[in-house]
Amino acid sequence: MPPQEARNVAMVVLVVLVVLAMLRWASGFFIPLMLGLVFAYALWPLVDGLERLRIPRAISAGVLILGILGGMGGAIYSLSDDANQLVQSLPDAARKLRDSVQRSARQQDTTLDTMQKAAAELQKAAEAAGGNTAAPARGVSRVVVEEPRFDLRNYLWSGTLGLASILGQIVMVTFLTYFMLVSGSTFRRKLVKIAGPGLAEKKLTVQALDEINAQMQRYLMVQLIASVGVGLATGICFAVIGVKHAAVWGVAAGILNLVPYVGSIVVTAGAGLVAFLQFNGDVNMALIVAGSSLLINTVEGYLLVPWATSKASSMNPVAVFIGVLAWGWMWGVWGLLLGIPILMAVKAVCDRVDHLKPVGELLGT
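Treat the numbers as computed from the prediction; the structure is a model and nothing was measured. (Residues numbered from 1 in each chain as written. Predicted model: local features only at pLDDT ≥ 70, side-chain atom pairs only at ≥ 80, totals over all residues. Heavy atoms only, no water.)

**Brief notes about the side chain of Gln 223**
Mapped onto the secondary structure, Gln 223 falls in helix H8 (residues 199-241). A relative accessible area of 10% means that Gln 223 is categorised as buried. If sequence neighbours within four positions are ignored, Gln 223 has contacts with Leu 258, Val 305 and Thr 309. (Helix = DSSP H or I, 4+ residues; strand = E, 2+ residues; numbered from the N terminus. Buried < 20%, exposed > 50% of the residue type's maximum accessible area, 1.4 Å probe, protein only. Contact = heavy atoms within 4.5 Å.)

Structure representation (structure tokens):
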């Protein structure tokens, strides 16, 4: 490799590492920004349609966001009693599961236990034959570890700070989404204007923005349909089996389905644990409930959604999987949620920049 080319490669690697470090360090800024962008892309067609009906964007965006927040609040309030009962039953379910495991462990006298007992008896016999007696240990200090006392003030303070942080993030994302919807095509025109003086640069910028817009909306539509389908299938299946609070489980499955890989695991494990409690420690019923949830999420998450996403975005499933894991490592659950939209935007840009086309080829199908 020529020295100049080697220096260019090293510079690119260094820039990528610096960008990744910045994204991880400033996650508190970039996560709300990306969430606002995703929500704005999801609501943009509705606001544009209302604008064509001569309704001002400021009014239509505000009414739409308030309606969504109000609908979510009403749904949470209507299901709050069932959700509270469900949450309160989790400790009892965990305790029953632990007792069942301990009871089955005590009832089973395995071959390993028998061999350990035989080895202990042989050791005792050898010690008796040799006349060896174990000398008592002297000079050994007993160490007692005292756990720190529970401080209610610290607990309430940390919980209040966490709740205030969550509310602050929600308010920030809400206003960011609103201002993006109200601005309309202002930022789009500004990006095209600063893309370059030539017509070719402006054309490439318009094409990239159009592709990002189209792919983002298709992806969000796929995710919405998949989440509604998973929620309905889970609720109906649990109701047929006889699981209590099936509607709550359906809503939880639909919402957590937006978080790749992690959401399905949480729903499956929680449903199996609660079913174990509800059916009086019947392991078979718990396995049936957990297995049905796992089957629904497997068919949706590993067959239907990857196929629909690859068709909608023309992206390589392997590259998407690795990319989502990388974003999850950087931003946690939010990275899992935002990883695919970010990769879509990256691919749309890379496909139109000569030096970045290999990256777009790697992400493509």
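Right, picking up where we left off after that structure.
**Considering unusual backbone geometry**
A negative phi holds for most residues other than glycine; trans holds for most peptide bonds. Even without a glycine there, the phi angle at Arg 54 is positive, about 65°. Secondary-structure assignment places Arg 54 in the loop between helix H2 (27-52) and helix H3 (57-78). One non-glycine residue, His 245, adopts positive backbone phi at about 55°. By the secondary structure assignment, His 245 is in the loop between H8 and helix H9 (246-256).

**Description of a nonpolar patch on the surface**
Side chains of Met 221, Leu 224, Ile 225, Val 228, Leu 232, Ile 236 and Val 240 sit close together on the surface and give an oily, nonpolar patch of about 720 Å² of accessible area. Structurally, Met 221 can be placed in helix H8. Its relative accessible area of 47% is what places Met 221 among the partly exposed residues. (Patch = residues over 30% accessible without salt bridge, like charges linked within 9 Å, V, L, I, M, F, W, Y side chains within 5 Å. Areas by Shrake-Rupley, 256 points an atom, 1.4 Å probe, with all protein chains shown as cover. Salt bridge = Lys/Arg side-chain N within 4 Å of Asp/Glu carboxyl O.)

**A short note on the packing of H8 against H9**
For the pair H8 and H9, interaxial distance at closest approach is 7 Å and the crossing angle is 155°. For the element pair H8 / H9, the angle class is roughly antiparallel. For the crossing formed where H8 meets H9, the hand is right-handed. Two secondary-structure elements touch here, H8 through Ser 227, Val 230, Gly 231, Thr 234, Gly 235, Phe 238 and Ala 239 and H9 through Ala 246, Trp 249, Gly 250, Ala 253 and Gly 254. Residue composition of the contact of H8 with H9, by class: 6 nonpolar, 6 polar and no charged. (Axes fitted to C-alpha atoms, helices over the stretch in contact; angles between N-to-C directions. Parallel < 35°, antiparallel > 145°, perpendicular 65-115°, else oblique. Left-handed = near helix turned anticlockwise from the far one by under 90°. Nonpolar A, V, L, I, M, F, W, Y, C, P; charged D, E, K, R; others polar.)

**What to know about the UniProt feature "transmembrane region" (unreviewed entry) in the chain**
With numbering aligned to this structure, UniProt lists the feature "transmembrane region" (unreviewed entry) at residues 7-23, 29-47, 59-79, 155-181, 219-241, 247-276, 283-305 and 317-346. Secondary structure over residues 29-47 splits into 100% helix and 0% strand, and the C-alpha atoms at its two ends are 26 Å apart. End C-alpha atoms of residues 247-276 are separated by 18 Å, and the span's content is 83% helix alongside 0% strand. (UniProt positions renumbered as here; feature names shortened; annotations may be inferred.)

**Concerning the packing of aromatic side chains**
Throughout the structure, instances matching the rule amount to 6 aromatic pairs. Relative to Trp 331, the ring of Trp 327 lies with its centre 5.1 Å away and its plane at 55°, an arrangement referred to as tilted. Of this pair, Trp 327 and Trp 331 both sit in helix H12 (residues 317-331), separated by 4 residues, roughly a single helical turn. Overall, Trp 327 belongs to the buried group, its relative accessible area being 12%. Counting every residue linked through ring pairs, the aromatic cluster contains Phe 175, Tyr 178 and Phe 179. One residue, Arg 24, lies across the ring of Trp 329, its end atom 4.6 Å from the ring centre. (Phe/Tyr/Trp six-rings, centres within 6.5 Å; stacked < 30°, edge-to-face > 60°. Lys NZ or Arg CZ within 6 Å of the ring centre and 35° of its normal.)

**A look at the pattern of salt bridges**
Opposite charge on two side chains makes pairing possible when the charged atoms of those side chains draw close. In total, this model carries 3 salt bridges according to the counting rule given. Arg 57 serves as the salt-bridge partner of Asp 48, at 2.7 Å between the closest nitrogen and oxygen. Residue classification places Asp 48 among the partly exposed residues on the basis of a relative accessible area of 26%. A relative accessible area of 10% places Arg 57 in the buried class. Members of the salt-bridge network, linked through shared partners, are Asp 48, Glu 51 and Arg 57.

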